[in-house]
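Read off the chains here:
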Amino acid sequence: MTLPASPIFRIEALEQRYAGRRVLHVPSLEIAPGAIVGLMGPNGSGKSTLLRLLGFIEAPSRGRILFKGSPAGPFDARIRSRVTLLPQDPYLMNRSVFDNVAYGLKLRGQRSDAAGRVHRALAAVGLAPARFARRPWYALSGGEAQRVALAARLALEPEVLLMDEPTASVDAESAERIRQAALAARDHWGTTLIVASHDWSWLFEVCDIVWHLYAGTVFPTGTRTFLPGPWIPGPDHRWHRPLADGQHLVVPAGTDPSAPAYIESHRLRLTRQPVTGQGRVVLKGTVLRLALIRRTGQVVVTAAVGELALTAVLEPEVLRKEGMAPGDAISVAYPPEAVAWIDAT
Amino acid sequence: MDYILEGILQAVALLASGNAETLSAVAATLKVSSVSMAASLVIGLPLGFWLGYHRFPGKRAVRTVVDTLLSLPTVLVGLIVYALISQRGPLGEMGLLFTLPGIALGQAILAIPVVVALTATAVESMDRQLSVTLRSLGADRRQLLLSTLWETRFGILAAAVTAYGRVMTEVGISMMVGGNIKWHTRTMTTAIALETNKGMFAMGVALGLVLLAIAFAVNISVSFLRRRAR
């Protein structure tokens, strides 16, 4: 008999405010040990804040995070060097590559096999220790620096590795090395991986779960498409958002003209066929990209509509029938009454 | 003009022959400045880190006060320390008046704002990612402080050198608190002031040369350290 694994993270009524403004609100959320969780969402949606909270780098304004069942916070001995964050612009200290990677081991007073761990960590990110260990921090390319920063986390053999857009500013080879090293950590030590990224292939091919952050709220991905404001009242008593190409996004009147609205993705119809109105809002767009959700076989379609990128999840058979490919002109249609508002409370 | 040239020549002769009175003043200065610098670094570095690292209400006001204390007049420090350690003062029983530790106390008060202000500036100008990185690699509060200071070592070195320059060259505190006692509390700067008053330039010039040489040596070693650390 196997007991269900208790969550490694449990978020309770978490709220983070900066200068009085709420940037993140997560009523409750659990993460299973060994999971690979992807976080996606536009800049400023709260991804980095959530990662800093889960990494216990900062304390929340309200609520708490339970680590393995009991509340934890910044500087707790229980989480130090077990939970580690790779920030978006990692900082390398003014010392050699070896000393940068060994730093965390030195902090926790681990002498035994420190050199071996450093060398293995460097090898794991594809940097030959013999060539790189003695290099000073300033003699590295951007991608190499990012990999050294990751190696410094891997040397700790962490239980949780949080990564904030680890591949955003690196070349393809570095991105692949980073991906493989992170997955190897999960395979070897059962490390829980939480990754914020704009890289769709990363997220959908690698992750068990992908969450979408929008305006500080976490949504399960694939179920909702976001329609960002600002909105202006239209002649039809609905709210409009004029797009750069002259089309209008139309939603039922709400309460806050700056709030984002959303629509359940299955109510959004993406098709290459001409669509007539019949009470629906019809917009012209272009297919930008397709990404496979490996776990379910569904496909995430991103379409450019005006200056927006709308996403919808399609079943594989629908996609096959439509024969959609990036660059195709398509119609995006939805019944405006299906649009709802993100609860800002 | 001849007497100036003569003074310089005599100064070189004084230094070359190892004149005891000259060396006594040099030794007093080195002793007292070492003690005051050690004290101001021990107190000023953590305070400077704290001030530069944390954000709190009233921080700007605290910074303004510290920056004002940068231009603390040495005679005012001398006056305050004199009042504190004179027989009638609250610290009178410690018998610090006209002693080297008394001078060191005053000089530490002079140097602490310099160390605090420059350390705070150095820590403030650090990449915010440094703190995130150190903490994500498992640093506790003490390790965070030490590692941040180590990362900002060039800024802190500059703070120490600036404070050292201020301590070495001040006259007011040494004169008022130390009393310029020959063989005892006579420092290089008070000796120069006295000898100049007496119209005796040689020893003044000699000590001035020593002060310059020390300043030069300190700066050379700082730039050497800086180059080596790259």
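Our structure's up above, just so we're on the same page.
Overview of the structure.

About the criteria used
Residues numbered from 1 in each chain as written. Chains lettered and ligands numbered in written order. Predicted model: local features only at pLDDT ≥ 70, side-chain atom pairs only at ≥ 80, totals over all residues. Contact = placed C-beta atoms within 7 Å. Helix = DSSP H or I, 4+ residues; strand = E, 2+ residues; numbered from the N terminus. Nonpolar A, V, L, I, M, F, W, Y, C, P; charged D, E, K, R; others polar. Buried ≥ 20, exposed ≤ 12 C-beta atoms within 10 Å, placed from the backbone. Pairing = 2+ DSSP bridges.

This brings us to the interface of chain B and chain A. On the chain A side, the residues contacting the 15 residues of chain B number 19 residues. Elements with a minimum of two residues in the side of chain B that touches chain A: α6 (128–136) and α7 (141–151) of chain B. Here the side of chain B that touches chain A gets six residues from one element, more than from any other, and that element is α6 of chain B. When its residues are assigned to classes, the side of chain B that touches chain A shows five nonpolar, five polar and five charged.

Of all the residues in helix α10 (residues 188–197) of chain B, the buried ones are M188, T189, T190, A191, I192 and E195 of chain B. G199 of chain B occupies a position one or two residues after α10 of chain B and carries a positive phi of about 80 degrees.

Time to look at the pairing of strand β19 (residues 308–314) of chain A. Residues and elements named next belong to chain A. With five of its seven residues buried, β19 lies for the most part within the structure. Where strand β18 (residues 299–305) and β19 come together, seven bridges link them in antiparallel fashion. Each residue of the ladder has a partner; that of V300, found in β19, is V313. In textbook terms, the turn of a hairpin is the stretch between consecutive antiparallel strands, and for β18 and β19 this stretch comprises two residues, one of which, G306, has a positive phi near 55 degrees.

A few words on the sheet that holds strand β4 (residues 62–67) of chain A. Residues and elements named next belong to chain A. The four strands are arranged β2-β1-β4-β5 in an open sheet whose pairing can be described as antiparallel. Edge strands, defined here as strands with exactly one partner in the open sheet, are β2 (21–31) and β5 (70–71). Note that strand β1 (residues 9–18) and β2 share nine bridges and pair antiparallel. In the strand pairing of β2, L14 is matched with V26.

Okay, the environment of V205 of chain B next. All names here are of chain B. Note that V205 resides in helix α11 (residues 201–229). C-alpha separation for the pair V205 and I4, spaced 201 residues apart in sequence, amounts to 9.0 Å. Excluding residues that lie within four positions of it along the chain, V205 makes contacts with G7, I8 and A11.

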